[in-house]
Amino acid sequence: MDPAFAAADGPRIAILTRPAGRNEALAGRLQGAGWQPCILPALEIHPLTVAAEDLPRPSAYDLVVFVSGNAARQYLDQLARADGAADWPAGVTVATVGPASAQALRETGRFGVNTTVLHPDESAPSHDSEALWRVLAAQPQLPARVLVVRGTQGRDWLGDTLEAHGAHVTRHAAYRRQPAGWTAEQLATLRRWADAGVTATWLVTSGEGVDAIYGQLSAAGLTGWWQRCRFVATHPSLVGRLPQPRIGASEPAMVKICVPNDESIFQAFVAA
């Protein structure tokens, strides 16, 4: 047997499941802290093609909400294909669910210094639609016309709440998420850990991601191991999607809740 998998309390395995390209910096930090990171995206992001005449333009709205940095990137790509590179229209406010997503927006280079970007700050207890709603509700006036840029699936709580307060809301899907296809080699690594009794700690960031992970593990016959693992979750709502205690288990699975930025996630792993 590979000595790396020899004991349940031996290697500290961190399985990072965010989409491709979003795990590497965190993996490096965890490795430096003595963890063995495993990058295993649960979902793949696929851009959606939209005809130029069907693409909602930001100039038609008072506020454009991006549910994530990825939503912004995909939408800006759609705009560039339809209209070419253009400055973000003056007076159109941008909003997103947290400082990490806001930073991703700024890194696109398409939002000028005069563009207002609203988001919950670092000290907010959560970085989600409810936290963003509190930011929006605190503004002098709610926007009348709102564009919500999202994927084909996901929560619609913020859009519904804005509509309930009189806003006209347009929902635009810029991408779709689907379960990633794990390779035979990746599954074999998980199986070796399971056979050796290694308790891995999984990062989970969305309900769709949890479902995709469970589907892969179920097909591989690894759900029993999944029930013995630990978890770092970026929203309390994900706890109910995670494995329930096994019959006869002395305690439920360990779950750490944190906000969805690398620093908070890192600290949650270190405390796990």
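Residues numbered from 1 in each chain as written. Predicted model: local features only at pLDDT ≥ 70, side-chain atom pairs only at ≥ 80, totals over all residues. Heavy atoms only, no water.

## Quick look at the overall build of the protein chain
At step 1: Check the secondary structure of the protein chain and you find nine helices and eleven strands.
At step 2: Classification of the 272 residues of the protein chain by burial places 46% in the buried group.
At step 3: In the protein chain, 67% of the contacts between residues at least 6 apart in sequence involve partners at least 24 apart.
At step 4: A total of about 13,100 Å² of accessible surface is found on the protein chain, and carbon and sulfur atoms cover 50% of it.
At step 5: In the protein chain, which carries 23 positive and 25 negative side-chain charges, the distance between the mean positions of the two groups comes to 3 Å. (Helix = DSSP H or I, 4+ residues; strand = E, 2+ residues; numbered from the N terminus. Buried < 20%, exposed > 50% of the residue type's maximum accessible area, 1.4 Å probe, protein only. Contact = heavy atoms within 4.5 Å. Areas by Shrake-Rupley, 256 points an atom, 1.4 Å probe, with all protein chains shown as cover. Lys, Arg positive; Asp, Glu negative; His and termini not counted. Charge placed at Lys NZ, Arg CZ, Asp CG, Glu CD.)

## Some thoughts on the pairing of strand S8 (residues 168-179)
At step 1: Relative to S8, strand S3 (residues 43-47) runs antiparallel, the two being bridged by five bridges. If you follow Leu43 over to S8, its bridge partner there is Pro179.
At step 2: Bridge count for strand S7 (residues 145-151) against S8 is seven bridges, and the pairing is parallel. Note on S8: the bridge partner recorded for Gly151 is Tyr175. (Pairing = 2+ DSSP bridges.)

## Some words on the state of the cysteines
At step 1: If you walk through the whole model with that rule in mind, you get zero disulfides.
At step 2: Unpaired in this structure, Cys38 has its nearest cysteine sulfur neighbour in Cys229, at a distance of 11 Å.
At step 3: Judged by relative accessible area, which is 1%, Cys229 ranks as buried. (Disulfide = S-S within 2.5 Å.)

## Considering the UniProt feature "domain: Tetrapyrrole biosynthesis uroporphyrinogen III synthase" (unreviewed entry) in the protein chain
At step 1: Sites flagged by UniProt as "domain: Tetrapyrrole biosynthesis uroporphyrinogen III synthase" (unreviewed entry) map to residues 25-238.
At step 2: The span residues 25-238 is 37% helical and 21% strand by assignment, and the distance between its end C-alpha atoms comes to 23 Å. (UniProt positions renumbered as here; feature names shortened; annotations may be inferred.)

## A word on the packing of aromatic side chains
At step 1: Under the defined criterion, the tally for this structure stands at nine aromatic pairs.
At step 2: Seen from their ring centres, Phe66 and Phe111 are 6.2 Å apart, and the 70° between their planes marks the pair as edge-to-face. A residue pair is termed long-range when its members are at least 10 positions apart, and Phe66 in strand S4 (residues 63-66) and Phe111 in the loop between helix H3 (99-107) and strand S6 (117-118) qualify at 45 residues. Take Phe66 and Phe111: they sit in the same class, and that class is buried.
At step 3: One aromatic cluster in this structure is built from Trp182, Trp202, Trp225, Trp226 and Phe231. (Phe/Tyr/Trp six-rings, centres within 6.5 Å; stacked < 30°, edge-to-face > 60°.)

## Describing the sheet that holds S4
At step 1: The strand order across the open sheet formed by six strands is S3-S8-S7-S4-S5-S6, and the pairing between neighbours is mixed. The open sheet has two edge strands, S3 and S6, and neither has a second partner.
At step 2: Two elements, S4 and S7, share four bridges in a ladder whose sense is parallel. Following the sheet pairing, Val65 is matched in S7 by Val148.
At step 3: Against the sheet, helix H2 (residues 69-83) touches S3, S4, S7 and S8, its axis set at about 105° to S8. (Axes fitted to C-alpha atoms, helices over the stretch in contact; angles between N-to-C directions.)

## What to know about the pattern of salt bridges
At step 1: Inspection of every chain in the model, using the stated rule, returns ten salt bridges.
At step 2: Asp262 serves as the salt-bridge partner of Arg18, at 2.8 Å between the closest nitrogen and oxygen. Of the two residues, Arg18 sits in the loop between strand S1 (13-16) and helix H1 (24-32) while Asp262 sits in helix H9 (residues 262-271), which places them 244 residues apart along the sequence.
At step 3: Take Asp262: its relative accessible area is 26%, and that puts it in the partly exposed class.
At step 4: The salt bridge involving Arg171 is made with Glu163; its shortest N-O contact spans 3.0 Å.
At step 5: Judged by its relative accessible area of 31%, Arg171 is partly exposed.
At step 6: For Glu163, a relative accessible area of 35% puts it in the partly exposed group.
At step 7: Residues participating in the shared-partner salt-bridge network are Arg150, Asp156, Asp160, Glu163 and Arg171. (Salt bridge = Lys/Arg side-chain N within 4 Å of Asp/Glu carboxyl O.)

## Side note on the pairing of strand S2 (residues 36-39)
At step 1: Sheet topology places S1 next to S2; four bridges connect them, and they run parallel. Across the sheet, Ala14 pairs through a bridge with Pro37, a residue of S2.
At step 2: Assessed by its sense of winding, the connection that carries the chain from S1 through H1 to S2 is right-handed. (Right-handed = clockwise from strand over helix to strand, strands pointing away.)

## Some details on the environment of Pro37
At step 1: By the element assignment, Pro37 lies in strand S2.
At step 2: For Pro37 and Glu24, which are 13 residues apart along the polypeptide, the C-alpha to C-alpha distance reads 9.3 Å.
At step 3: The contact partners of Pro37, leaving out residues within four places of it in the chain, are Ala14, Ala27 and Gln31.

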